[in-house]
Amino acid sequence: MTGPALRMLSLGAGVQSSTLLVLAATGAIPTFDAAVFADTGWEPAAVYRHLLRLSVIADAAGIPLVRVSNGHIRDDALDPRHRFASMPLFTLGPNGEQGMARRQCTNEYKIKPIKREVRARLGYPHPRRVPAGVYAQMAIGISVDEIGRARDADVRYMRHTFPLLDLGWRRGDCVTFLAEHGLADTPRSACVGCPFHNDVFWQRLKSGSPREWADAVAFDAAIRHGSARANADGHPLRGRFFLHSARIPLDQVELRSDRGAGRQGCGPWTCRTDPTNPPEAAGGVGLREVA
């Protein structure tokens, strides 16, 4: 086979991937055989509302919008019977050592279910071997200002493409385009309790969505002592764990509007790191998956 068997979109439901869906729906770029949204079960309500709008756009354009899942990240993290794919929580050791837990959640809850869907649509679900030359193109929403995040797929049955790079679009171009199509309020996509949220996000959640704020505060308290759990490698979690880099309970953090830098969104292939304390520097895990 010389060309892709499928053309798919990795839909994180944030600004860039939403732009790709609308571009395809309006005929500005080639269409997709499917748009795949990996649902962690704990996205903000605004993201799920936005996803419903995107589903209407996709349906009208004949693009199937598929939700895939590998469980509910919040419930799984608090269930002692469940294998724990660790989140990049901020840690505080018994002697005041500061660090960050390994990030395995993106791979477990986003990348794995997307790859499973790709295999199924190609007709070779695991453990069937995908023949050489059979692959799906996966469009990724990376704009020019994030070009450093563009990378090849790590499996041969998928090949990443970056239509926004081909167009030379920056994030600002995407924001303008979405506004022109009635989607000016497109949210950033990331779990409610993502440790990489900045203070601006936490402030908005606290004032605009008190139920979700209370949920994040409760989760933060519940994961404080991780020694009762084991991570994906079977090792016990030690020390204390926090959602905020201040390493104090979330509801006690003095949220400051000038602490607005850093990651808010978390796409499956573009999940960023805290530039002041990247998981890779603290024993982070790569995203390679060969299945």
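Residues numbered from 1 in each chain as written. Predicted model: local features only at pLDDT ≥ 70, side-chain atom pairs only at ≥ 80, totals over all residues. Heavy atoms only, no water.

Thoughts on the sheet that holds strand β8 (residues 240-242)
Pairing within the open sheet is antiparallel, and its three strands lie in the order β5-β4-β8. What marks the edges here is a single partner per strand, and that holds for β5 (98-100) and β8. Sheet twist, expressed as the mean angle between neighbouring strand axes with direction ignored, is 30 degrees. Pairing analysis gives three bridges linking strand β4 (residues 90-92) to β5, with the strands arranged antiparallel. Looking at the pairing, Leu92 lines up with Gln98 of β5. (Pairing = 2+ DSSP bridges. Helix = DSSP H or I, 4+ residues; strand = E, 2+ residues; numbered from the N terminus. Axes fitted to C-alpha atoms, helices over the stretch in contact; angles between N-to-C directions.)

Looking at the packing of helix α1 (residues 15-25) against helix α2 (residues 45-60)
Where α1 meets α2, the axes come as close as 10 Å, and the angle between the chain directions of the two elements is 20 degrees. Classed by the angle they form, the pair α1 and α2 counts as roughly parallel. Considering how the two elements wind past one another, α1 and α2 form a crossing that is left-handed. Each of Ser18, Leu21, Val22 and Ala25 in α1 lies in contact with α2, whose residues at this interface are His50, Leu54, Ile57 and Ala58. (Parallel < 35°, antiparallel > 145°, perpendicular 65-115°, else oblique. Left-handed = near helix turned anticlockwise from the far one by under 90°. Contact = heavy atoms within 4.5 Å.)

Topic: the pattern of salt bridges
One pass over the full model with this rule turns up eight salt bridges. Between Asp185 and Arg53 there is a salt bridge whose closest N-O contact spans 2.9 Å. Here Asp185, found in the loop between α6 (171-180) and α7 (199-208), pairs with Arg53, found in helix α2; they are 132 residues apart in sequence, far enough to count as distant. You can call Asp185 exposed: its relative accessible area is 52%. Residue classification places Arg53 among the partly exposed positions, given a relative accessible area of 28%. The salt bridge involving Glu108 is made with Lys112; its shortest N-O contact spans 3.3 Å. With Glu108 and Lys112 both in helix α4 (residues 105-122) and four residues apart, this pair spans about one turn of that helix. Given the relative accessible area of 13%, Glu108 is considered buried. In this structure Lys112 comes out as partly exposed when scored by relative accessible area, which is 26%. (Salt bridge = Lys/Arg side-chain N within 4 Å of Asp/Glu carboxyl O. Buried < 20%, exposed > 50% of the residue type's maximum accessible area, 1.4 Å probe, protein only.)

So, the packing of α7 against helix α8 (residues 210-222)
The geometry of α7 relative to α8 is characterised by a closest axis approach of 5 Å and an angle of 120 degrees between their N-to-C directions. Compared by their axis directions, α7 and α8 come out oblique. Between α7 and α8 lies a crossing whose hand is left-handed. Note on element contacts: α8 touches α7 through Pro210, Glu212, Trp213 and Ala216, opposite Trp202, Leu205, Lys206, Ser207 and Gly208. Residues that form the contact of α7 with α8 fall into these classes: five nonpolar, two polar and two charged. (Nonpolar A, V, L, I, M, F, W, Y, C, P; charged D, E, K, R; others polar.)

Some words on the sheet that holds strand β1 (residues 6-10)
Ordered in space as β3-β2-β1-β6-β7, the five strands form an open sheet in which the pairing is parallel. Edge positions in the sheet fall to β3 (65-68) and β7 (158-161), since each of these pairs with one other strand and no more. Across this sheet, the average inter-strand angle for adjacent strands is 30 degrees, counted without regard to direction. The sheet strands contacting α2 are β2 (34-38) and β3, and the helix crosses β3 at an angle near 145 degrees.

Examining unusual backbone geometry
Pro127 follows His126 through a cis peptide bond whose omega is 15 degrees. With respect to the helices and strands, the residue Pro127 is situated in the loop between α4 and β6 (136-139). Even without a glycine there, the phi angle at Ala13 is positive, about 75 degrees. Looking at the secondary structure, you find Ala13 in the loop between β1 and α1. Residue classification places Ala13 among the buried residues on the basis of a relative accessible area of 0%.

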